[in-house]
Amino acid sequence: MEEKKKCARDVDDIDGYGNDTVYSENQTLDWNDRLYLNVKPENKRKMKVWPEKPTNFRQILLDITAKLENVNEIVFKAMAKSLGLEEDCLLKQYGENPIALARFNLYPPCPTPDLVLAAKAHGDASAMTYLLQDKEVEGLQALKDDKWYKVRIVPNAIVVNVGDQVEIMTNGIFKSPIHRVATNRERERMTIAVFFTPDATSEGRGPLMLSKFDAESNLRLKSELLQLNILLGIEQRDATLS
Ligand SMILES: O=C(O)CCC(=O)C(=O)O
Ligand SMILES: [Fe+2]
């Protein structure tokens, strides 16, 4: 608790430990506590809210972000190639100083799971999100064709989620899925999300010029994704909730 207090976010800030910013009395709050940290660009880091314990926390976060950046580059290239475009075209839109944000989510057990969500339905505003789920406790659900699907747990696998920025860049071919997190009556759940977002000052951002997305592009996409062995982890069968 001591350490959490040291990292508490300021009322009007996003970085740090806390929960939803309260904008109105009628607002439904998410059932979670979180630690938000701007990792990149470096000049946006607010070191005073970066935990000092465990002592290797800061270095590990920097290392993980760097590794995920490499993964993100590979994914962006594969996506561009699958659309029949030059492989750097998504990366170029990403700019010189892209933003990397880490969010550590802690969802405590909730005595009334039918009344409140751990995270309300939302699409990520990022370009791409990489999520390490809790090893044991499920909760994440994704919306497809008006039905909610559980995103099943695959231990140590990272869920790769397309964010709004990539949906815009690719003219809606890659969709930013609406997702939410259910509460759990008995068990605590912990996840880590790293969001990559384009540099807001980079020029030439916006929808790419795509001629058409046809059966051939679809095949190319499938083979690119297969080669990458990206694990989306969405159960298509027997997991429908409504
Ligand atoms: O904790 C999860 O499973 C998802 C978290 C999430 O959607 C987010 O942080 O944007
Ligand atoms: Fe999300």
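Residues numbered from 1 in each chain as written. Chains lettered and ligands numbered in written order. Predicted model: local features only at pLDDT ≥ 70, side-chain atom pairs only at ≥ 80, totals over all residues. Heavy atoms only, no water.

Visitor: Please set out the overall build of the protein residue by residue, giving values where relevant.
Guide: Across its full length, the protein holds five helices and ten strands. Going through the 242 residues of the protein one by one, you find that 42% of them count as buried. Across the protein, every contact between residues at least 6 apart in sequence was considered, and the portion connecting residues at least 24 apart equals 75%. Put simply, the protein shows about 14,200 Å² of open surface, and 54% of that area lies on carbon and sulfur atoms. (Helix = DSSP H or I, 4+ residues; strand = E, 2+ residues; numbered from the N terminus. Buried < 20%, exposed > 50% of the residue type's maximum accessible area, 1.4 Å probe, protein only. Contact = heavy atoms within 4.5 Å. Areas by Shrake-Rupley, 256 points an atom, 1.4 Å probe, with all protein chains shown as cover.)

Visitor: Now, about the packing of aromatic side chains: what can you tell me, with residues and values included?
Guide: A full pass over the atoms with the stated rule returns three aromatic pairs. On the numbers, 5.4 Å between centres and 45° between planes, the contact of Phe57 with Phe104 is tilted. Here Phe104 lies in strand E3 (residues 99–107) and Phe57 lies in helix H2 (residues 57–82), a separation of 47 residues in the sequence. Across the pair, exposure class does not vary: Phe57 and Phe104 are buried alike. For the ring pair Phe76 and Tyr94, a centre distance of 5.3 Å and an interplane angle of 85° mean the geometry is edge-to-face. Pair noted here: Phe76 is in helix H2 and Tyr94 is in helix H3 (residues 89–94), with a separation of 18 residues, a long-range link. (Phe/Tyr/Trp six-rings, centres within 6.5 Å; stacked < 30°, edge-to-face > 60°.)

Visitor: Can you tell me about the sheet that holds strand E1 (residues 16–18), naming the residues and giving the values?
Guide: The strand order across the open sheet formed by six strands is E1-E2-E3-E10-E5-E8, and the pairing between neighbours is antiparallel. What marks the edges here is a single partner per strand, and that holds for E1 and strand E8 (158–162). Looking at each pair of strands side by side, their axes are set apart by 20° on average, direction ignored. When strand E5 (residues 128–132) meets E8, the two strands line up antiparallel, connected through five bridges. (Pairing = 2+ DSSP bridges. Axes fitted to C-alpha atoms, helices over the stretch in contact; angles between N-to-C directions.)

Visitor: Residues and numbers for the pairing of E5, please.
Guide: Within a regular beta strand, the side chains point alternately toward one face of the sheet and then the other, so they alternate between its two faces. Burial of E5 is extensive: four of the five residues sit out of reach of the surface. Both E5 and strand E10 (residues 189–197) contribute to a ladder of five bridges, which runs antiparallel. In the strand pairing of E10, Tyr130 is matched with Val194.

Visitor: Tell me about the coordination of the iron ion (ligand 2), and please be specific about residues and values.
Guide: At this site the iron ion (ligand 2) is bound by His122 (NE2), Asp124 (OD) and His179 (NE2), with donor distances of 2.1 to 2.2 Å. Mapping the donors of the iron ion (ligand 2) onto the primary sequence yields the spacing H-x1-D-x54-H. Here Asp124, found in the loop between strand E4 (117–122) and E5, pairs with His179, found in strand E9 (residues 179–182); they are 55 residues apart in sequence, far enough to count as distant. This pair shows no difference in class: Asp124 is buried, exactly as His179 is. (Donors = N, O, S within 2.8 Å, 3.2 Å for Na, K, Ca; no water.)

Visitor: Before we move on, could you go through the environment of Lys147 and cite the residues and values that matter?
Guide: Structurally, Lys147 can be placed in strand E7 (residues 147–150). The class of Lys147 is partly exposed, set by a relative accessible area of 37%. Each C-alpha atom, one on Lys147 and one on Lys44, is 38 Å from the other, the two residues being 103 residues apart in sequence.

Visitor: Kindly report on the pairing of E3, identifying the contributing residues and their values.
Guide: Burial runs high along E3: seven of the nine residues are buried. Both strand E2 (residues 33–40) and E3 contribute to a ladder of seven bridges, which runs antiparallel. Its bridge partner being in E3, Asp33 is matched across the sheet by Leu106. Relative to E10, E3 runs antiparallel, the two sharing nine bridges. Looking at E10, one finds that Leu101 is bridged to Phe195.

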